[in-house]
Structure formats: C-alpha cells, structure tokens
Amino acid sequence: MAFANPSSGTLHLTGADFSASVINNAVMLYDRIFDVAKTMNSSGTEAVTGVPTRYQSTAPAAADHAGGNFLFIEVGGTALAATAHNWTTCLYRNQAGTDNQTLPAVTGNASAIVDRFDMPLNTWFCPLASGDTGVMDLAQMQCSALVATGAVNFVIGHPIGILAFPVINALLPFDWLTSRTQAPRIFNDAALALFEFPKPATTATTYNGMIYATSAAP
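This structure is a prediction, so every number in the text was calculated from the model and none was measured.

Procedures and definitions
Residues numbered from 1 in each chain as written. Predicted model: local features only at pLDDT ≥ 70, side-chain atom pairs only at ≥ 80, totals over all residues. Heavy atoms only, no water. Helix = DSSP H or I, 4+ residues; strand = E, 2+ residues; numbered from the N terminus. Rg over C-alpha atoms; globule rule 2.2 N^0.38 Å. Buried < 20%, exposed > 50% of the residue type's maximum accessible area, 1.4 Å probe, protein only. Contact = heavy atoms within 4.5 Å. Areas by Shrake-Rupley, 256 points an atom, 1.4 Å probe, with all protein chains shown as cover. Core = buried A, V, L, I, M, F, W, Y, C linked by side-chain atoms within 4.5 Å. Pairing = 2+ DSSP bridges. Phe/Tyr/Trp six-rings, centres within 6.5 Å; stacked < 30°, edge-to-face > 60°. Lys NZ or Arg CZ within 6 Å of the ring centre and 35° of its normal. Axes fitted to C-alpha atoms, helices over the stretch in contact; angles between N-to-C directions.

Caption draft 1: Spotlight on the overall build of the protein chain. For the protein chain, the helix and strand inventory stands at zero helices and 14 strands. For the protein chain, the sequential pattern of α-helices and β-strands runs β-β-β-β-β-β-β-β-β-β-β-β-β-β. What you see for the protein chain is a C-alpha radius of gyration of 18 Å, in line with the 17 Å of a compact globule of 218 residues. Principal-axis analysis of the C-alpha atoms gives the protein chain an extent of 50 × 40 × 30 Å. Burial analysis of the protein chain (218 residues in total) assigns 45% to the buried set. The long-range fraction of contacts in the protein chain, counting pairs at least 24 apart against all pairs at least 6 apart in sequence, stands at 81%. As presented, the protein chain carries roughly 10200 Å² of accessible surface, and 55% of it is formed by carbon and sulfur atoms.

In structure tokens, the structure reads:
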C-alpha cells in the first residue's frame, strides 16, 4: 500500500476495521522503508547500496527518529535450498548515526518456504548490538554458507500499528485515537505493508478490511 498525502498537513493513522479467518493471530502494519536482495549462492560479504528516505533522524524527539526501525530477513519469490546457514558479519548504522555496527548472528532456516521469515522460530526481527534501538541503513550482508537456490531480502521497517484477532471471521474495530498510541504518523510516500507475527497455528489466514487515516495541520 503506497500513501500519497495531497494536503499540506500530516497524515495520521486513526483506525481500522479488519477480520481474520483464523483465531488468535496478529499482524503488524508497518512502513516498509527499505529492502535489498541478497545473493544466496555466496558466502562472501556483500555491500549494500542505497539508504531509506524516511525515519532517518538521530534526534529522539523527532517524528522521523530512526529509533524503532527494525530489520527482518524474508524469503522472496523462491524457496530456499535445504542448506543450513547463518547470517553473520552483517553491518548497519544505528539510530544515533554510528556506522558499522555488527548485527548479532542470526540463524537462518534451511528449506524456508516463500513469504516466511528466514530467522529463528517465533522471531520477527533481527537482534541489534547492545544499546541500539533502531537501524538507519545497512552497509553489509553475509551468509555463512552457499545456498544454491532461493531468494532473500533484508527489509528495514518502522512500526505503525498492531492488529490482534481474538475471534474468527468478525470485523473488529481498531482505534488509534483513544485506546492505542494516539494517531501514529504516516509519512508522505509511505509504503505500508502487513506481516503476520509468529502464530499458534500454521493454517493459512485470510485478512480483510479497511485502514483509516486523516490529515492534520502540520
């Protein structure tokens, strides 16, 4: 979902009406601020070019502070070969603007299917170096093994809201005006997306609904 704000104001998330076909699942609405493909049939270091254009401030009080930016590794359009692998010596810039921070090693998933995390079970984000709270950009990726086939992306996102579904097939109202973090900011040109949190059942789930936002004075 791409957002363009035609007004001179700022766009804010106010609510959603959503349903899920499986009980007890939850999804995150996030701004997908950057992604880069990783060559899987390589164990060498691979430099990353390009940087995000949103959530790049080092000032904690700024609306676009990089704190909270998270990183995850996803399997793209091709499943991975049955090769054990880890993500090692991956470098990033943290929320304070410090370059070449080293990501703690992340265990990948041999034979991971399309559209799943290539990270340990029940994990949805990569751990950061001690004291870090966000990722501004990536500098380097590295896989410990040559994985003959498969497609993987490193993705930097920023959380916008969470939707949880304690009942099945019911249109649930979600309110970001009175009962959650009040009206989270949605930046111009945001690339909003949803991903499922680790869930209690592997059953494929269908989500349906609408997301509501409003423009406020800058």
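Additional details are given in the paragraphs that follow.
Caption draft 2: Representation of unusual backbone geometry in the model. In this model, Asp115 sits at a positive phi of 65 degrees, which is unusual for a non-glycine residue. Tracing the backbone shows Asp115 in the loop between β8 (106–107) and β9 (135–141). For Asp115, a relative accessible area of 70% puts it in the exposed group. Phi at Asn169 is positive, roughly 55 degrees, even though this residue is not glycine. Mapped onto the elements, Asn169 comes out in the loop between β10 (152–165) and β11 (172–175). Of the residues examined, Asn169 reaches a relative accessible area of 56% and is grouped as exposed.

Caption draft 3: A look at the nonpolar core. Counting residues in each nonpolar core, the largest one holds 55 residues, and the members touching the most others are Trp87, Phe154 and Leu163. Of all the elements in the fold, those that place two or more residues in this core are β1 (10–20), β2 (25–38), β4 (70–75), β9, β10, β11 and β13 (192–196). The leading source of residues in this core is β2, at eight residues. For Trp87, the contacting residues outside a window of four places in its chain are Lys38, Met40, Ile73, Pro104, Ala105, Val106, Gly108, Asp118, Gln142, Cys143, Val152 and Phe154.

Caption draft 4: Representation of the sheet that holds β9 in the model. What the four strands build is an open sheet, ordered β3-β9-β6-β7; its pairing is antiparallel. With partners counted over all chains shown, the strands left at the sheet margins are β3 (46–47) and β7 (101–102), one partner each. Taken together, the four bridges between strand β6 (residues 91–94) and β9 define a ladder with antiparallel strand orientation. For Leu91, the partnering residue across the bridge sits in β9 and is Gln140.

Caption draft 5: The arrangement of the pairing of β4 in detail. Burial runs high along β4: six of the six residues are buried. Burial along β4 is two-sided: Phe70, Phe72 and Glu74 facing one way and Leu71, Ile73 and Val75 facing the other are all buried. Sheet topology places β4 next to β10; six bridges connect them, and they run antiparallel. Its bridge partner lying in β10, Phe70 is registered against Gly157.

Caption draft 6: Just the packing of aromatic side chains, in detail. Counted by the stated rule, this structure contains 18 aromatic pairs. Judged by centre distance (5.2 Å) and plane angle (55 degrees), the ring pair of Tyr30 and Phe195 falls under tilted. One end of the pair, Tyr30, is in strand β2; the other, Phe195, is in strand β13, with 165 residues separating them in the sequence. Aromatic pair Trp124 and Phe195: ring centres 5.8 Å apart, planes at 35 degrees, arrangement tilted. With Trp124 in the loop between β8 and β9 and Phe195 in strand β13, this residue pair connects regions lying 71 residues apart in the sequence. On the accessibility criterion, Phe195 (8% relative accessible area) is buried. Here the aromatic cluster, defined as three or more aromatic residues joined through ring pairs, consists of Tyr30, Phe70, Phe72, Phe117, Trp124, Phe125, Phe195 and Phe197. In this structure, Arg185 packs its charged tip against the face of Phe187, placed 4.1 Å from the ring centre.

Caption draft 7: Fine view of the sheet that holds β4. One open sheet accounts for four strands, arranged β4-β10-β2-β13; its pairing is antiparallel. Where the open sheet ends on each side, the last strands, each with one partner, are β4 and β13. The average angle at which neighbouring strand axes cross in this sheet is 50 degrees, direction not considered.

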